[in-house]
Protein chains: 2
Amino acid sequence: MSEYKKKFVLDEERIPKAWYNIVPDLPEPPAPPLNPATLQPAGPDDLLPIFPPSIVAQEVSAERYIEIPEEVHQIYRLWRPSPLIRATGLEKALDTPARIFYKHEGVSPAGSHKCNTAVAQAYYNKLDGTTRLATETGAGQWGSALSMACQTFGLECKVYMVKVSYHQKPYRRSMMQLWGADVVASPTDQTNAGRAVLAEDPESLGSLGIAISEAVEDAVTHPGSKYSLGSVTNHVLLHQTVIGEEAILQSQDADAYPNVVVGCVGGGSSFGGLAFPFLRENLAGRAKTRLVAVEPTACPSITKGAFTYDFGDEAATTPLFKMYTLGHDYMPPGIHAGGLRYHAMAPLLSHVCNLGLMDAVAVRQTKVFDVAALFAQTEGIIPAPESAHAIRVAVDEALKAKEEGVARNILFNLTGHGLLDLSAYDAYLSGKLEDYDHPEEEIAASIARLPKVE
Amino acid sequence: MSEYKKKFVLDEERIPKAWYNIVPDLPEPPAPPLNPATLQPAGPDDLLPIFPPSIVAQEVSAERYIEIPEEVHQIYRLWRPSPLIRATGLEKALDTPARIFYKHEGVSPAGSHKCNTAVAQAYYNKLDGTTRLATETGAGQWGSALSMACQTFGLECKVYMVKVSYHQKPYRRSMMQLWGADVVASPTDQTNAGRAVLAEDPESLGSLGIAISEAVEDAVTHPGSKYSLGSVTNHVLLHQTVIGEEAILQSQDADAYPNVVVGCVGGGSSFGGLAFPFLRENLAGRAKTRLVAVEPTACPSITKGAFTYDFGDEAATTPLFKMYTLGHDYMPPGIHAGGLRYHAMAPLLSHVCNLGLMDAVAVRQTKVFDVAALFAQTEGIIPAPESAHAIRVAVDEALKAKEEGVARNILFNLTGHGLLDLSAYDAYLSGKLEDYDHPEEEIAASIARLPKVE
């Protein structure tokens with residue numbers, strides 16, 4: 001075997017000093033969110049009841065770069081810069097001339113990219129006088145990241161965890177409790193929203209939509225409390241750009257600037273975080289990298305959804321956002337990639353996609369686990385089922401490169417490890433995994449129910 | 001907050017090129033293992049039925065340095081150099097003038113230091129023509145590391161997993177299966193040893209001693225098969241010295257050569273791996289680092305055991321080793337640090353300890369989880385219960401430094417993460433954790449049953 005470099009780790013001094021806001025670089029601005037009552041553009045005032053002023057300012061910012069505070073930088077240094085790793089084992093197994101790299105965000109304390117924004121949000125809330133954050137979590141990636149961040153900055157944290165996950169994923173719950181969070185199974189009897197659901201169905205297993213409604217109600221009814229969200233909004237995508245900024249430097253160190261960048265999409269924050277800095281280089285004419293978002297066929301918001309105004313939550317309590325959506329009351333099948341089961345796509349990412357600046361594809365669950373297992377076997381790292389969606393397309397790209405005999409550079413986002421998802425692998429290995437195609441009629445019906453805005 | 005450096009990560013080129021064998025540097029050689037039938041020194045020929053020639057050569061080597069093969073180095077590069085991290089959050093919480101560092105071995109594919117030797121053993125077995133390895137595992141750390149390594153080098157892997165763990169730790173089992181291993185719950189009906197146990201007690205939950213007997217029998221009765229062990233033997237301690245060699249370089253980079261080095265001990269391999277390179281520096285008069293091994297009060301082999309000849313396994317099938325032992329039929333209480341429940345201590349480490357070149361202390365389970373939780377809350381990383389034994393003593397050392405007003409440098413081994421041990425944290429958080437002191441009479445009785453050799 002010949003000598004090669006496997007890991008590209010930046011010095012701490014080269015962790016980016018600023019997050020990148022793509023808005024000012026886009027050929028046209030995204031459509032504004034609307035107040036659902038007036039259908040007028042929603043401004044900062046619509047957001048201040050639930051988010052602190054610093055976060056609202058970032059949400060609507062037109063600045064190209066926003067400095068990462070030193071206090072956040074210090075916490076980032078626990079796991080950042082995350083390594084860029086060359087997937088030499090996978091390359092060999094595929095016998096491809098392509099060079100495959102992955103950005104390993106699973107090295108963070110909670111095991112995913114979610115910590116990048118959790119730490120920033122906890123910091124700004126602390127700065128603005130918030131003493132307590134309320135949030136929802138489905139599978140638990142986001143809830144555990146925010147619990148860790150609140151612990152770090154001395155904030156209380158209340159997590160409404162979807163009841164089915166609360167019982168199915170006790171390890172995620174223990175993790176949040178270890179980091180000091182108060183975790184409850186949603187629906188609860190602690191909010192009007194929760195009580196209403198329980199009155200109708202005392203056995204309700206909950207949903208992300210219900211948990212969001214409970215967390216928002218909690219935040220606006222408790223003094224000193226704010227709400228915190230782990231994806232979708234502009235400020236979350238902003239905080240995640242630390243991934244892409246690091247990846248650009250590391251790709252240059254590796255002498256392998258990517259021809260293709262691949263990432264999975266649920267709400268869209270990890271993909272935006274990796275892709276937007278590369279898109280900046282494209283827009284400035286310095287590169288021509290293809291950007292590919294990968295979603296599950298069970299929840300294909302970009303590839304099968306409508307680009308229109310919709311609510312961010314199932315209960316229709318948020319402002320209206322222009323985005324790719326399957327309809328806010330669309331209920332995706334229960335796939336193992338719980339983090340990709342959101343009915344819509346981040347408005348900013350939707351806009352970028354609608355401008356034709358990136359691609360999207362949908363892939364099936366069993367095909368995803370095929371390469372998840374291959375990756376674990378050849379690279380030694382067990383990927384989160386969400387991240388494995390990106391591996392699927394990275395592998396397909398590498399096989400295409402082989403067919404074409406081209407030595408392409410492929411970069412994908414390993415958004416998290418799958419150590420707390422091993423029951424999903426168990427299902428795969430024992431042949432119990434099912435595929436779900438997008439239920440066309442259900443999607444059409446829920447899109448038909450959307451509010452008519454334009 | 002002031003600027004500080006948190007992580008010390010070596011360039012790949014600075015991963016040590018050789019493992020360090022402390023034997024030639026010791027003031028006197030360790031006592032040889034004995035053939036239990038003849039009571040004559042056991043030589044290489046006694047080991048060749050179960051280990052391949054390259055491993056046997058390392059087991060008895062008198063060479064000071066043994067080159068790490070490039071093929072092993074390439075796999076190491078997936079996670080090595082492991083970071084040396086300054087525990088600034090923990091220091092702040094303790095308000096100590098001490099500087100606390102930890103070597104984070106939990107970043108490996110299987111989540112612990114075990115991968116360091118698993119990869120080496122799989123490589124040498126492959127080189128010597130072995131096609132299949134058999135081993136035992138208790139909690140699953142070792143079994144998962146060896147499964148990963150066998151997958152990497154294309155060897156079959158059979159793991160005898162103690163039955164109680166097989167059912168209690170399904171995630172560890174899935175991990176091994178994902179890496180291609182054939183995992184069975186021991187006692188099985190596939191070996192004479194297993195059948196004998198089942199004949200006596202069909203409901204037996206198994207023990208590490210039984211699983212060892214099954215794995216050894218499997219290896220000697222299957223063509224192309226060898227046996228593989230995850231701790232205790234000289235070659236395992238040798239492979240783990242990559243930890244200490246890296247830590248010396250990183251401590252120098254951090255300008256914080258340790259005054260105290262702390263590690264947990266079960267079989268003793270991770271501690272030997274970290275401590276022996278530092279001991280070399282002590283013996284050469286270049287440093288005066290205090291080396292402290294930490295064991296559980298439930299299984300206090302060094303602090304309460306006898307230094308004498310005993311068998312390595314419960315079934316008394318191995319050669320006799322001179323070591324600290326509680327007696328091979330001593331059954332430690334069921335603590336959550338499953339990796340520290342071995343009745344004896346590595347012969348080489350025992351010898352070093354008997355020469356007065358290191359210290360040992362025993363700590364209680366609840367006190368261990370107190371600091372495990374504190375570490376998770378201040379550093380963001382959830383430690384394995386085994387590793388938390390070292391944290392306990394590192395914290396005690398830091399508090400002593402505070403009392404004395406001394407700015408001491410403390411280094412401990414974070415041998416693994418606790419992501420698959422969250423049920424133990426759950427028990428701790430809900431107040432269900434119990435303490436077990438060493439049962440003096442049981443220990444005295446099992447020591448009294450030892451073979452009389454000298």
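These numbers were taken from a predicted model, which means no experiment stands behind them.

Enquirer: Explain the overall build of chain A here, please?
Expert: Across its full length, chain A carries 18 helices and 15 strands. Its C-alpha atoms put chain A at 65 × 50 × 45 Å along the principal axes. Relative to its 454 residues, chain A shows a buried fraction of 64%. Intrachain contacts of chain A at a sequence separation of at least 6 include 76% that bridge at least 24 residues. Accessible area for chain A stands at about 15600 Å²; split by element, carbon and sulfur atoms hold 51% of it. Taking the average location of the 38 positive side-chain charges in chain A and that of its 54 negative ones, the two points are 5 Å from each other.

Enquirer: Would you explain the interface of chain A and chain B in this entry?
Expert: A common way to express how large an interface is: the accessible area buried when the components associate. Every contact between the two is made by 46 residues of chain A and, on the other side, 46 residues of chain B. Across the chain A/chain B interface, buried area totals approximately 4200 Å², and carbon plus sulfur atoms make up 57% of it. The largest per-residue losses of area from chain A upon contact with chain B belong to Leu78, Tyr171 and Leu178 of chain A, which jointly make up 17% of the total buried on that side. Between chain A and chain B we count 4 salt bridges in total.

Enquirer: Can you walk me through the relation of the copies chain A and chain B in this structure?
Expert: When chain A is fitted onto chain B, the two copies agree to an RMSD of 0.0 Å after a turn of 180° and an axial shift of 0.0 Å. The relationship between the two copies is best expressed as a two-fold rotation axis. In this assembly, 100% of the residues forming the interface of chain A have copies in chain B that are likewise at the interface, indicating an isologous arrangement.

Enquirer: Would you take a moment to explain the packing of aromatic side chains for this structure?
Expert: The description of an aromatic ring pair rests on the distance of the ring centres and on the angle between the ring planes. Residue and element names in this part refer to chain A. Across all of its chains, the model carries 29 aromatic pairs over all chains by this definition. Pairing Tyr102 with Phe412 gives two aromatic rings, centres 5.7 Å apart and planes at 25°, and the pair type is stacked. Placement of the pair is Tyr102 in strand S5 (residues 99–104) and Phe412 in strand S15 (residues 409–414), with a sequence separation of 310 residues. Under the relative-accessibility criterion, Phe412 is labelled buried at 0%. Consider the rings of Tyr123 and Tyr124, whose centres lie 5.2 Å apart with planes at 65°: the pair is edge-to-face. Taken individually, Tyr123 and Tyr124 each receive the classification buried, so the pair is uniform in this respect. Aromatic ring contacts, followed pair by pair, group Trp19, Tyr123, Tyr124 and Phe153 into a single cluster.

Calculation rules
- Residues numbered from 1 in each chain as written.
- Chains lettered and ligands numbered in written order.
- Predicted model: local features only at pLDDT ≥ 70, side-chain atom pairs only at ≥ 80, totals over all residues.
- Heavy atoms only, no water.
- Helix = DSSP H or I, 4+ residues; strand = E, 2+ residues; numbered from the N terminus.
- Buried < 20%, exposed > 50% of the residue type's maximum accessible area, 1.4 Å probe, protein only.
- Contact = heavy atoms within 4.5 Å.
- Areas by Shrake-Rupley, 256 points an atom, 1.4 Å probe, with all protein chains shown as cover.
- Lys, Arg positive; Asp, Glu negative; His and termini not counted.
- Charge placed at Lys NZ, Arg CZ, Asp CG, Glu CD.
- Buried area = accessible area lost by both parts, 1.4 Å probe.
- Salt bridge = Lys/Arg side-chain N within 4 Å of Asp/Glu carboxyl O.
- Least-squares fit on C-alpha atoms with pLDDT ≥ 70 in both.
- Phe/Tyr/Trp six-rings, centres within 6.5 Å; stacked < 30°, edge-to-face > 60°.

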